[in-house]
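Residues per chain are reported as follows:
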Amino acid sequence: VAKGEKFYGLSKKNNITINEILEYNDLPSNYVLQIGDRLYTQKKKDKNLSQLYHEVKEGESLLYISQLYAVRKEALMRLNNCKDDAVSVGQKIMLQ
């Protein structure tokens, strides 16, 4: 997300609805875009969760990991007893 971008403009640019953007990114309806946010503009593909853990790499966020494995961010937070969505490089995130 670049400076000045809004959900409306992103939805028109990608020919999807604002609700689809929110759904694809597991965002609440009151989410405020921030410069640098990375948003998915297509439905997540189901992943085979043969892995039990994901080791966090530089630049990854809990939201990114949730999208990578098609698991809700809130579910990962519950599984890993996270109070917020902060993760550290090298941290092992339980996926299921």
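In case you missed it, the structure is sitting above this.
Because the structure is predicted, anything quoted here is derived from the model rather than measured.

(A) How the structure looks around the environment of Tyr24. Along the chain, the position of Tyr24 falls in helix H2 (residues 18–24). For Tyr24, a relative accessible area of 12% corresponds to the buried category. Taking the C-alpha atoms as reference points, Tyr24 and Gln67, 43 residues apart in sequence, are found 8.3 Å from one another.

(B) Representation of the pattern of salt bridges. Summed over all chains, the structure comprises three salt bridges. Glu5 serves as the salt-bridge partner of Lys13, at 3.8 Å between the closest nitrogen and oxygen. Looking at Lys13, the relative accessible area reads 62%, which means it is exposed. Accessibility expressed as a relative area gives 27% for Glu5, which makes it partly exposed. Across the pair Lys73 and Asp85 runs a salt bridge whose closest N-O atoms are separated by 3.3 Å. Of this pair, Lys73 sits in helix H4 (residues 73–79) while Asp85 sits in the loop between H4 and strand S2 (92–94), and the two are 12 residues apart along the sequence. What makes Lys73 buried here is its relative accessible area of 15%.

(C) Molecular detail of the nonpolar core. Of all hydrophobic cores here, the largest spans 11 residues; its members are Val56, Leu62, Ile65, Tyr69, Val71, Ala75, Leu76, Met77, Cys82, Ile93 and Leu95. Those elements giving two or more residues to this core turn out to be helix H3 (62–68) and H4. No other element matches the three residues that H4 contributes to this core. With residues near it in sequence (within four places) discarded, Met77 still touches Leu62, Cys82, Lys83, Asp84 and Asp85.

What counts and what doesn't
Residues numbered from 1 in each chain as written. Predicted model: local features only at pLDDT ≥ 70, side-chain atom pairs only at ≥ 80, totals over all residues. Heavy atoms only, no water. Helix = DSSP H or I, 4+ residues; strand = E, 2+ residues; numbered from the N terminus. Buried < 20%, exposed > 50% of the residue type's maximum accessible area, 1.4 Å probe, protein only. Salt bridge = Lys/Arg side-chain N within 4 Å of Asp/Glu carboxyl O. Core = buried A, V, L, I, M, F, W, Y, C linked by side-chain atoms within 4.5 Å. Contact = heavy atoms within 4.5 Å.

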